[in-house]
Amino acid sequence: MNQANSSLRSQILIAMPSLHDPSFSKTLTLICDHSADNGAMGIILNQPTSINIFELLNIEKPSSDVKELSSIHIHSGGPVDTDHGFILHDGNSNHDSTLAIADNLFLTTSTDILEDIASGNGPSNKLIALGYAGWSPGQLEAEISSNSWLTIDYQHDLVFSTPPDQQWLAAGNILGIDLNLLSSQAGHA
């Protein structure tokens, strides 16, 4: 990896079939922050849970049918700090504790965005996750070198419009690869 372009921020990691870690098997992970000194932090995109937003916010479902809120399910963002919420979204960065990841892509950890979402004023595209994926300095680069991950640039439609159960294969298709045809055995040619 070239030192001048060493940041993997806004890259999507595609787990190779040989990656059998139950936290990452057949996942896509968006890298939200990365540096040589601090390592990497990302959100797994395709692990929805059975928790819905009403349970997360500990509120009763409103009497009127709020279809948008009812359809929001919480994702498992990774195995680290699983009691902490992260909202990956487009729109604006006018919320507290917001990190810009790419053009029109943000990660917010403050409750003000949840209040906006609950009132119907939140970003139109969002993924709410509990927990995150983290790598110590050099760890992710070593995993990529050992063929645990493929990478692609951030794709808005893949993240926000593709159903989670289709994202992994869709990401492979972006590279022209049918991930189902790859061996689950790791190795180098």
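Anyway, here's the lowdown on the structure attached to this text. (Residues numbered from 1 in each chain as written. Predicted model: local features only at pLDDT ≥ 70, side-chain atom pairs only at ≥ 80, totals over all residues. Heavy atoms only, no water.)

Notes on the overall build of the chain
Move 1: What the chain contains, in helices and strands, is six helices and 10 strands.
Move 2: Residues classed as buried in the chain amount to 40% of the 189 residues present.
Move 3: Of all intrachain contacts in the chain linking residues separated by at least 6 positions in sequence, the fraction that spans at least 24 positions is 63%.
Move 4: Taken as a whole, the chain presents about 9800 Å² of accessible surface, with 46% of it coming from carbon and sulfur. (Helix = DSSP H or I, 4+ residues; strand = E, 2+ residues; numbered from the N terminus. Buried < 20%, exposed > 50% of the residue type's maximum accessible area, 1.4 Å probe, protein only. Contact = heavy atoms within 4.5 Å. Areas by Shrake-Rupley, 256 points an atom, 1.4 Å probe, with all protein chains shown as cover.)

Regarding the nonpolar core
Move 1: In terms of nonpolar packing, the biggest core is built from 35 residues, with Leu30, Leu88 and Trp135 touching the most fellow members.
Move 2: When sequence neighbours within four positions are dropped, the list of residues in contact with Leu30 reads Ser10, Gln11, Ile12, Met41, Gly42, Ile43, Leu45, Leu88, Ile101, Leu105 and Tyr154.
Move 3: One finds Ile53, Phe54, Ile113 and Leu114 within the second-largest nonpolar core, a separate group that totals 10 residues. (Core = buried A, V, L, I, M, F, W, Y, C linked by side-chain atoms within 4.5 Å.)

Some words on unusual backbone geometry
Move 1: The phi dihedral of Ser10 falls on the positive side, at around 75 degrees, and the residue is not glycine.
Move 2: Position of Ser10 among the secondary structure elements: in the segment before strand 1 (11-15).
Move 3: Positive phi, normally seen in glycine, also occurs at Asn104, with a value near 60 degrees.
Move 4: Inspection of the secondary structure assignment puts Asn104 in the loop between strand 7 (98-102) and strand 8 (105-108).

Comments concerning the pairing of strand 7
Move 1: Where strand 7 meets strand 8, four bridges bridge the pair, whose relative direction is antiparallel. Across the sheet, residue Leu99 finds its bridge partner in strand 8, namely Leu107.
Move 2: Between the end of strand 7 and the start of strand 8, which pair antiparallel, lie two residues, with Asn104 showing a positive phi angle near 60 degrees. (Pairing = 2+ DSSP bridges.)

What to know about helix 3 (residues 111-118)
For an α-helix, 3.6 residues make a turn, and residues three or four places apart therefore share a direction.
Move 1: Within the sequence span of helix 3, burial applies to Asp112, Ile113, Leu114 and Ile117.
Move 2: A positive phi of about 85 degrees marks Gly120, the residue just after helix 3.

Here we look at the packing of aromatic side chains
Move 1: Here the structure, examined in full by the defined rule, presents four aromatic pairs.
Move 2: Aromatic pair Phe24 and Trp135: ring centres 6.1 Å apart, planes at 35 degrees, arrangement tilted. With a gap of 111 residues between them, Phe24 in the loop between strand 1 and strand 2 (28-35) and Trp135 in strand 9 (residues 126-135) connect regions that are remote in the sequence. We note that Phe24, like Trp135, is buried. (Phe/Tyr/Trp six-rings, centres within 6.5 Å; stacked < 30°, edge-to-face > 60°.)

Things to note about the pattern of salt bridges
Move 1: Taken as a whole and assessed by the stated rule, the structure comprises one salt bridge.
Move 2: Residue Arg9 is joined to Asp33 by a salt bridge in which the shortest nitrogen-to-oxygen separation is 2.4 Å. Within this pair, whereas Arg9 is found in the segment before strand 1, its partner Asp33 is found in strand 2, the two being separated by 24 residues in sequence.
Move 3: Taking relative accessible area as the criterion, Asp33 reaches 33% and is therefore assigned partly exposed. (Salt bridge = Lys/Arg side-chain N within 4 Å of Asp/Glu carboxyl O.)

Regarding the layout of surface pockets
Move 1: Volume-wise, the largest pocket comes out at about 320 Å³.
Move 2: Together, 17 residues line the largest pocket, and His75, Lys126, Leu127, Val159 and Phe160 are the ones closest to its centre.
Move 3: For the lining of the largest pocket, the elements supplying multiple residues, two or more each, are strand 5 (73-76), strand 9, helix 5 (156-160) and helix 6 (164-174).
Move 4: Top contributing element to the lining of the largest pocket by residue count: strand 9, with three residues.
Move 5: Grouping the constituent residues of the lining of the largest pocket by class yields eight nonpolar, eight polar and one charged. (1 Å grid on protein atoms, 1.4 Å probe; cavity = no way out; pocket = protein on both sides within 12 Å on 5 of 7 lines; lining within 4 Å. Points joined across faces, edges and corners; volume = space filled by probe spheres on them. Nonpolar A, V, L, I, M, F, W, Y, C, P; charged D, E, K, R; others polar.)

Observations regarding the environment of Gly42
Move 1: Within the element layout of this structure, Gly42 appears in strand 3 (residues 39-44).
Move 2: Under the relative-accessibility criterion, Gly42 is labelled buried at 0%.
Move 3: For the pair Gly42 and Gly134, spaced 92 residues apart in sequence, the C-alpha separation works out to 6.4 Å.
Move 4: With sequence-adjacent residues up to four places away left out, Gly42 is seen in contact with Thr29, Leu30, Ile31, Cys32, Gly77, Tyr132, Ala133 and Trp135.

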